[in-house]
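Residue-level structural notes
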Amino acid sequence: ITGLVPWGTPGQEFYLRSYKDLITFNDSLLDSAVADSGIVDFNFYTPYERLVFFDYGRIRLKFFVEPGKDYVFKFPIFHPKTIADSLNPYFEPETYQLIPGDSNKTLNKSIVTFDADYENFLNDNFNTLMKEAYHAHIDTFLHRIDSIYTIPSKSRFFKDYVHYRLTMLQFSTIKRDIDYIAFHHYCKNPILYN
């Protein structure tokens, strides 16, 4: 992973991390790098697709990586944490997802586009989803999302990502029955911790 950093970060050290799983959210260090001559280089091995992230001053940058791929990102302007941020036990950096600049057909681009549609649907239909779940046209949304994203996609990881997100939407609206959701979607299927 190569990051092109703006002026103001020379000598700054960054720590690339990944979650061990998305249940406990315990993280592990993958690599560290020092900003040198406007470039940050992370090198690590991953046998599968995974979410990685690092703190970049007051913000957290996250993105998905795939095995055997190189990524080049242009990082935003660096704003270091203030003393108040460092002393505040409740400080949480704002999180931004990066998209590599070299392609529109990447896993990150697909996830960002899907998440935007997903969040827009939730925002536009929140009251209906929570109060009148059966009248929220969720089946129409699920069918549209499935046809737009998962059918043309060749990425197994992305199809599974969409499946998990849509299953959570179903669970929180139409069928608030954990046993039904677990049996219908996950029985005899592998549990995908990442």
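Everything in this summary refers to the structure shown in the same document. (Residues numbered from 1 in each chain as written. Predicted model: local features only at pLDDT ≥ 70, side-chain atom pairs only at ≥ 80, totals over all residues. Heavy atoms only, no water.)

With that settled, consider the packing of aromatic side chains. Under the definition given, this model contains 17 aromatic pairs. With centroids separated by 6.2 Å and ring planes inclined at 90°, the aromatic side chains of Phe-54 and Tyr-56 adopt a geometry described as edge-to-face. Among the residues examined, Tyr-56 registers a relative accessible area of 0% and is labelled buried. Arranged with centres 6.4 Å apart and planes meeting at 90°, the rings of Phe-114 and Phe-158 form a pair that is edge-to-face. Within this pair, whereas Phe-114 is found in helix 2 (residues 107-131), its partner Phe-158 is found in helix 4 (residues 156-172), the two being separated by 44 residues in sequence. The pair Phe-114 / Phe-158 is uniform in exposure class, with both members buried. Through successive ring pairs, a cluster of aromatic residues spans Phe-14, Phe-42, Phe-54, Tyr-56, Phe-75 and Phe-78. (Phe/Tyr/Trp six-rings, centres within 6.5 Å; stacked < 30°, edge-to-face > 60°. Buried < 20%, exposed > 50% of the residue type's maximum accessible area, 1.4 Å probe, protein only. Helix = DSSP H or I, 4+ residues; strand = E, 2+ residues; numbered from the N terminus.)

Further remarks concern the packing of helix 4 against helix 5 (residues 178-186). Where helix 4 contacts helix 5, the two axes come as close as 10 Å, and the packing angle between them is 155°. Here helix 4 is positioned roughly antiparallel relative to helix 5, judged by the angle of their axes. The two elements helix 4 and helix 5 meet at a crossing, and its hand is right-handed. In this structure, helix 4 contributes His-163, Tyr-164, Thr-167, Gln-170 and Phe-171 to the contact, and helix 5 contributes Ile-178, Ile-181, His-185 and Tyr-186. Its residues assigned to classes, the contact of helix 4 with helix 5 comprises 5 nonpolar, 4 polar and no charged. (Axes fitted to C-alpha atoms, helices over the stretch in contact; angles between N-to-C directions. Parallel < 35°, antiparallel > 145°, perpendicular 65-115°, else oblique. Left-handed = near helix turned anticlockwise from the far one by under 90°. Contact = heavy atoms within 4.5 Å. Nonpolar A, V, L, I, M, F, W, Y, C, P; charged D, E, K, R; others polar.)

Ranked by internal contacts, the top residues of the largest apolar core, which has 22 residues, are Phe-114, Phe-141, Leu-166 and Leu-169. Of all elements in the fold, only strand 5 (50-56), helix 2, helix 3 (138-150) and helix 4 reach the threshold of two or more residues within this core. Sort the elements by how many residues they give to this core and helix 2 lands first, with 7 residues. What Phe-114 contacts, discounting residues up to four positions off in sequence, is Ile-145, Tyr-149, Phe-158, Tyr-161, Val-162, Arg-165 and Leu-166. With 19 residues, the next largest nonpolar core counts Phe-14, Phe-42, Val-65 and Leu-98 among its residues. (Core = buried A, V, L, I, M, F, W, Y, C linked by side-chain atoms within 4.5 Å.)

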